[in-house]
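# Commentary on secondary and tertiary structure
Residues per chain are reported as follows:
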Amino acid sequence: MQFTAKDIALLLNGTIEGDPLAEVNHLAKIEEAGKGALSFLANNKYEQYLYTSNASVIIVNNGQKLSKQVYSTLIRVEDAYNAFSVLLEKYNTIKLNKTGIEEPSFIHPTVKNGKNLYIGAFAYLSQDVKIGDNCKIYPGCYVGDNVTLGNNVTLFPGVKIYFDCFIGSNVVIHSGAIIGSDGFGFAPNKNGSYTKIAQIGNVIVEDDVEIGSNTTIDRATMGSTVIGKGVKIDNLVQIAHNVEIGTNTVIAGQAGISGSTKIGERVVIGGQVGFAGHLAIADGSQFGAQTGINRSVKIPDKQWGGSPYQAYKDYLRSHVNIRRLPELEKRVTELEQIITGLREKNAGSA
Amino acid sequence: MQFTAKDIALLLNGTIEGDPLAEVNHLAKIEEAGKGALSFLANNKYEQYLYTSNASVIIVNNGQKLSKQVYSTLIRVEDAYNAFSVLLEKYNTIKLNKTGIEEPSFIHPTVKNGKNLYIGAFAYLSQDVKIGDNCKIYPGCYVGDNVTLGNNVTLFPGVKIYFDCFIGSNVVIHSGAIIGSDGFGFAPNKNGSYTKIAQIGNVIVEDDVEIGSNTTIDRATMGSTVIGKGVKIDNLVQIAHNVEIGTNTVIAGQAGISGSTKIGERVVIGGQVGFAGHLAIADGSQFGAQTGINRSVKIPDKQWGGSPYQAYKDYLRSHVNIRRLPELEKRVTELEQIITGLREKNAGSA
Amino acid sequence: MQFTAKDIALLLNGTIEGDPLAEVNHLAKIEEAGKGALSFLANNKYEQYLYTSNASVIIVNNGQKLSKQVYSTLIRVEDAYNAFSVLLEKYNTIKLNKTGIEEPSFIHPTVKNGKNLYIGAFAYLSQDVKIGDNCKIYPGCYVGDNVTLGNNVTLFPGVKIYFDCFIGSNVVIHSGAIIGSDGFGFAPNKNGSYTKIAQIGNVIVEDDVEIGSNTTIDRATMGSTVIGKGVKIDNLVQIAHNVEIGTNTVIAGQAGISGSTKIGERVVIGGQVGFAGHLAIADGSQFGAQTGINRSVKIPDKQWGGSPYQAYKDYLRSHVNIRRLPELEKRVTELEQIITGLREKNAGSA
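None of the values given here were measured: they were computed from a predicted structure.

### Some details on the sheet that holds strand 4 (residues 26-27) of chain B
Residues and elements named next belong to chain B. Taking strand neighbours across the sheet as the criterion, the 5 strands line up as 2-7-6-5-4 in an open arrangement whose pairing is mixed. Sheet topology places strand 2 (15-17) and strand 4 at the edges, where each strand pairs with a single neighbour. Pairing of strand 6 (residues 57-61) with strand 7 (residues 73-77), which is carried by 5 bridges, proceeds in the parallel orientation. Following the sheet pairing, I58 is matched in strand 7 by L74. Its contacts with the sheet put helix 1 (residues 5-12) on strand 2, strand 5 (37-41), strand 6 and strand 7, and the angle it makes with strand 7 is roughly 5°. Strand contacts of helix 3 (residues 80-95): strand 4, strand 5, strand 6 and strand 7, with the helix running at about 150° to strand 5, the strand carrying the most contacts.

### Regarding the sheet that holds strand 36 (residues 286-287) of chain B
All names here are of chain B. The 12 strands are arranged 8-10-13-16-19-24-27-30-33-36-38-39 in an open sheet whose pairing can be described as mixed. The open sheet terminates on both sides in strands that have one partner only, identified here as strand 8 (100-101) and strand 39 (310-311). As defined by bridge partners, strand 8 adjoins strand 10 (residues 118-119) across 2 bridges and the pair is classed as parallel. Its bridge partner being in strand 10, G100 is matched across the sheet by Y118.

### What to know about helix 4 (residues 312-323) of chain A
All names here are of chain A. For helix 4, with 12 residues, the first-to-last C-alpha span of 17 Å sits near the 16 Å given by 1.5 Å per residue. Among the residues of helix 4, those classed as buried are Y315, S318, N321 and I322. On an axial view of helix 4, the arc spanned by its buried residues comes to 120°, and they lie on one face.

### Let's talk about the relation of the copies chain A and chain C
Take chain A, turn it by 120°, move it 0.0 Å along the axis, and it overlays chain C with an RMSD of 0.1 Å. Such a turn and shift between the copies fits a three-fold axis.

### Side note on the packing of helix 1 (residues 5-12) of chain A against helix 3 (residues 80-95) of chain A
Residue and element names in this part refer to chain A. In contact at an axis separation of 11 Å, helix 1 and helix 3 are set at 110° when each is read in the N-to-C sense. Considered as vectors, helix 1 and helix 3 are oriented roughly perpendicular to each other. Residues I8, L11 and L12 of helix 1 pack against A83, V86, L87 and K90 of helix 3. Here the contact of helix 1 with helix 3 is composed, by residue class, of 6 nonpolar, no polar and 1 charged.

### With respect to the environment of A33 of chain B
Residue and element names in this part refer to chain B. Looking at where A33 falls in the secondary structure, it is placed in the loop between strand 4 and strand 5. Separated by 245 residues in sequence, A33 and H278 have C-alpha atoms that sit 50 Å apart. Dropping the residues within four chain positions of it, A33 is found in contact with A28, S39, S53, N54 and A55.

### Section: the confidence of the model for chain A
When pLDDT is low, close inspection of the predicted coordinates is not appropriate. Put simply, chain A has an average pLDDT of 94, and 99% of its residues get 70 or more. Scoring the predicted complex yields pTM 0.94 and, for the interface, ipTM 0.92.

### Details of the UniProt feature "active site" (unreviewed entry) in chain A
Residues and elements named next belong to chain A. Feature annotation in UniProt places "active site" (unreviewed entry) on H241, given in this structure's numbering. Here H241 is to be found in the loop between strand 28 (238-239) and strand 29 (244-245). Here H241 is in contact with G183, F184, G185, Q199, D218, R219, A220, T221, T225, G259 and S260, once residues within four sequence places are set aside. A polar contact is formed between the side chain of H241 and the side chain of Q199, at a distance of 2.9 Å.

### Observations concerning the interface of chain A and chain C
With 60 residues of chain A in contact, the opposing surface of chain C contributes 63 residues. One can count 6 salt bridges joining chain A with chain C. Ionic pairing is found between R331 of chain C and E329 of chain A, a salt bridge with its closest N-O pair at 3.8 Å. Linking chain A with chain C are 24 residue pairs in polar contact (both at pLDDT 80 or more). With 12 residues, the top contributor of residues to the side of chain A that touches chain C is helix 5 (residues 325-349) of chain A.

### Observations concerning the pattern of salt bridges
Enumeration over the complete set of coordinates arrives at 36 salt bridges over all chains. Among the salt bridges present, the one from D314 of chain B reaches R317 of chain B, with a minimum N-O distance of 3.2 Å. Of the two residues, D314 of chain B and R317 of chain B are both situated in helix 4 (residues 312-323); the distance of 3 residues between them amounts to about one turn of the helix. Accessibility expressed as a relative area gives 45% for R317 of chain B, which makes it partly exposed. In this structure, the salt-bridge partner of D182 of chain C is K196 of chain C, at a minimum N-O distance of 2.8 Å. Pair noted here: D182 of chain C is in the loop between strand 20 (178-181) and strand 21 (186-188) and K196 of chain C is in strand 22 (residues 194-196), with a separation of 14 residues, a long-range link. For D182 of chain C, a relative accessible area of 8% puts it in the buried group.

### Some thoughts on the interface of chain B and chain A
Each partner contributes to the interface: chain B provides 60 residues, whereas chain A provides 63 residues. Approximately 5,000 Å² of surface area, both sides summed, lies buried where chain B meets chain A, with 61% of it carried by carbon and sulfur atoms. Joining chain B to chain A, the criterion identifies 6 salt bridges. One salt bridge in this structure joins K98 of chain B and D145 of chain A, with 3.0 Å as the shortest N-O distance. One can count 24 residue pairs in polar contact (both at pLDDT 80 or more) joining chain B with chain A. Those elements giving two or more residues to the side of chain B that touches chain A turn out to be helix 3, strand 27 (232-233), strand 30 (250-251), helix 4 and helix 5 (325-349) of chain B. When residues of the side of chain B that touches chain A are assigned to their parent elements, the largest contribution, 12 residues, is made by helix 5 of chain B. A per-class count over the side of chain B that touches chain A returns 31 nonpolar, 15 polar and 14 charged.

Reading the values: the criteria
- Residues numbered from 1 in each chain as written.
- Chains lettered and ligands numbered in written order.
- Predicted model: local features only at pLDDT ≥ 70, side-chain atom pairs only at ≥ 80, totals over all residues.
- Heavy atoms only, no water.
- Pairing = 2+ DSSP bridges.
- Helix = DSSP H or I, 4+ residues; strand = E, 2+ residues; numbered from the N terminus.
- Contact = heavy atoms within 4.5 Å.
- Axes fitted to C-alpha atoms, helices over the stretch in contact; angles between N-to-C directions.
- Expected span 1.5 Å × (residues − 1).
- Buried < 20%, exposed > 50% of the residue type's maximum accessible area, 1.4 Å probe, protein only.
- Arc of directions from axis to C-beta.
- Least-squares fit on C-alpha atoms with pLDDT ≥ 70 in both.
- Parallel < 35°, antiparallel > 145°, perpendicular 65-115°, else oblique.
- Nonpolar A, V, L, I, M, F, W, Y, C, P; charged D, E, K, R; others polar.
- pLDDT = per-residue confidence, 0-100.
- UniProt positions renumbered as here; feature names shortened; annotations may be inferred.
- Polar contact = N/O pair within 3.5 Å; in protein donor to acceptor, adjacent residues only side chain to side chain.
- Salt bridge = Lys/Arg side-chain N within 4 Å of Asp/Glu carboxyl O.
- Buried area = accessible area lost by both parts, 1.4 Å probe.

Given below as C-alpha cells:
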C-alpha cells in the first residue's frame, strides 16, 4: 500500500505543509519512524521528535507551533490523535479484509449464512447455526449447534463456542477463547465424591463486545451468563456460570469472576483481580490489580484495592503502616523500659 | 422435545397434583419460568414463587406444604433437587448425543477404536491411539501418539493431548485444555542461558475426572503427573510437571500448582490459589481464594488463607489488626506524651 | 527402542562396570526403576537406591564410591546428570521425529517452505508465510499472513500466530499458545463506551525461546512486542502489547506483564506475579510467587516479594510483624494500665 500526503490529507480533511507528493507505505511512532513512514504528534512532550524525525509525513494538530525547521511533510488536522486512530483502523480493515469460504471447512446443511462472509479452512459450523452479514470466522473455529452470530462478528483462529450461545453484532473474539463451556457445578456425595450438575443454560454476548485470547466464559447452569453491551475483556480472563456483566465494563488480563456474581456498568477491573461468587458490584467501581473481592460493593464509583479489598486509599495506607511496624514496636519497647524505670523510682521514693 | 407431566412423573417415580397432560419443552428456574417450562422447588426460601410462577410443571418435595393456591401442575418426589438434577442430566445427554465419524478427520491406521464413538471433523488421532467405548471426540481435538482413552470420555472441541498420556473412563475435558505439554524444566548454564531438560514422562488422568477449559497439565520429567480419581478442575488452572493430586480434590479457576507438589485427597482449592513446588498438602485441606502456599501443610482438614498462608481465622484476624494499626499508633503516641509529662513532673518533684 | 550398556557407554564416552550386554528400553528415576530401565545417580543423597535399584543400567559419576554390592551394570562418566540429560534429549528427539506433510492441510501457494519439515493435518499456513528448515508444525496450528519462522521451530498442536509476527530459530511453542493477538487498547468516549485502538504492530520472538501452553502474547499497538533471545515462558502467562523482555529471562506459570513494561535480562519471575504497565525492571531482578509490581525496579540483581512489592527480606519480616500484632497490642494495653496506675498514685501523692 502506497499513499501520498495528498491522499491522506483528503481522507482526514487536513491541510498540507510541505510536499503533497511525499509517499508513505506504513505507520510508525514518531520516535522510530523512517523514510516512507506516516506518523503523528499529539502530545507536546514529544515535540522534539518533530524536528529530528525521518518520517515522510507527520500528522499534527491545527494549533501545533513550530520552533525549528521540520523536514517531514506535515498534515494539520483538528485532532491528530483521533485522525491517526482513524488511519490505524483503516489500515487494519485492509489487512483483515478476507472473504470467501475456504476448503476444507465443515458447514452443516442447516446453517443459515449471511452475506459477505469469510469462513476459513478447518472451521466448523454445526447444526442450526445462524450467521449474520460480514462475519469473519477464521481457520479452526468451532461454532456449536444452534449458535447465533450477529453481523460483523470476527472469530479469530481457534475460537470455540458451545451449543445454544448467542453472540451479538460487532463482536470480536480472539484466538483460543472458549464461550459456553460447562459451569463448575458439582454436588458433594456422602462418600466424598461429586456428582456433576448438568449445565444447560447458555452465554449471551451482547453487541460491541471484545473478548481476549484464551479467555473462558462458562454457560449458565440454567438461564444465561451475560456479557453486556460494549464490555471489553482482555486475555486469560475466567468468567464463571451465571455471571452478569454490565454495559461498558472493562476487565484486564487474568482476572476471574466466580459464579453468579453481578458486575455493574462502567466497572474497571485490573489484572489478576478475583471476585468471589454471588456478589453484586456497584456501577463504576474500580479495582486495582490483584484485588480480592470477598463481599458485595454497594457504593458506586469508588476505588478499591487489597485482598480482602479496602478503599484504595486505606489499602495504600495499610501498607505504609505495615512498613512502620518495626518502628512502632521499638517505641513500645522504649516505653516499657521507661515505665520500668519510673516504677522502680516510684517504688524507691515510696 | 415435548413431554407431559405424566411422562416426567413416570420417569421420576413421582405423584401428580394437577393436569397430567400439562406439556413442557424446556427447563427453567422457578423465578424465571414461563409457559412450557419445567421447574423445581427444593428450598423453602423460594416458596413464594410456587404461587406466582408461570411454569407449566413444578417438581416439589413430598412434604411440601401449600399455603395458597398453585396454578402449575405439581409433581411430588422424595428429593426435588436430586430429581431435577436427574432431568438436567437427561436433557444434556440428549443434547450431546452425537455419534459417527465426520469427514475430514485424521485417524491413523493403527488407531484402535471402541464402539459407539463420535469423532468430529478435523479431529486428529495419531499412531497407536487406543479409544474405549462411547467416547466423544469433538472437532479440532488432537490425540497424540500412543495415548489411551478409557470408556465414556468426552473431549470437547480443541482439546490437545500429547503423546503417551493415559486418560481413564468417564473423563470430561473441556475445550482448549492441554494435557501433557512439557514441564517447565531448564538447567542454567554459566553464561546465563538455559538448557532444556527433556520431559519424557506423561500425564495420567484417572476415572471420573473433569477438566475445565484452557486448563494446562504438564507431563512429568520422568514418571507421571497424576490427576486422581474423581478430581474436578475448573478453567485456566495450571498443573506443573510431576504434580500428584489425590482422589476427589476440587480446584477452582486460575489456581496453579508448581512442580512435584503432592496434593492430598478431598482438598478444596479456591480460585487463583498458588502452590510452590515440592510441597505435600494434607488430606481435606481447604484454601480460600488467592491463598499462597509456600510450605507443606501437615495437619489435615483445616482451613487456610492469606499469602503466605495462615490458619484461616488468623488470616481474617490479621486483616482486622492491620486495619486497627492507625488507632494502635495513636495509643502509643498518647502514652509517649503522658510519659513525657510524668517524667517532667517526676523530675520537678525530685 | 532397545540398547545395550555398551551402546550407551559408547555414546556417553563412559566406562562400563558389569555386564556390557545388559539391555535397556526406557528411562526411569533410580527409585522407581525396574528391569530394562536406564537410570542415573548424581546426588549422593540417593546413594541408598544404588544398592537396591532394579535398573538394568545406572549412570554414575567417575568418582562415585560404592559401600555395598551393586546389582545393576554401571556406566561411569564425568558428569552423570549431564550425561543423563543428553540421553533424555536424544530420546525426545527420536519420539518427536515426525516429517512430511499430512493431508488435509492448508498451504497457501505463496508460502516459502524450508527443508525437512513436518506439517500436520489441519495446519494452516497463510499468504506469504516463510518457514525455515527442520520446522515441525503440528496439527491444527495457524500461521497468519506474512509470518516468518526461523529454522528448527516447533509449533505444538493448536498454536495460533497472527499476521506479520516474526519467530526466530530454535523456538518451541506449546499447544494453545497465542502469538500476536490484539493488544488491549481502547479509547474512552464521553458516553462511557470505548473505541478500539487498532493494533497494527507485531510480536518478535527471538532465537532459543520456549513458550508454554495457552500462554498469550499480544502484538504491539505500533512497533513490536519483543521476547528476547533465550527467554523461557511457562504456561498461561499473559504478555501485553509493547512489552519487551530481555535475554534469558524466565517467567513461571500464570504471571502477567501489562502493556509497555520493559523487563531486563536474566530476570526470574515466579508464578502468578503481576506487573503494572509502563515499568522498567532492572537486570537480574528476582520476584517471588504472587508478587505485585506497581513501580519500576531500578536496582539490579535483588530479590523482591509481596504486593505491592518490597525487598524480599522486608516482605518476610512484615509477615512476622503482622503475626506479632496481637501481642504488640497486648503490650500497649498493659502499658496503658500501668500508666493509669502511676498517674493515680502520682495524683494521690501530689
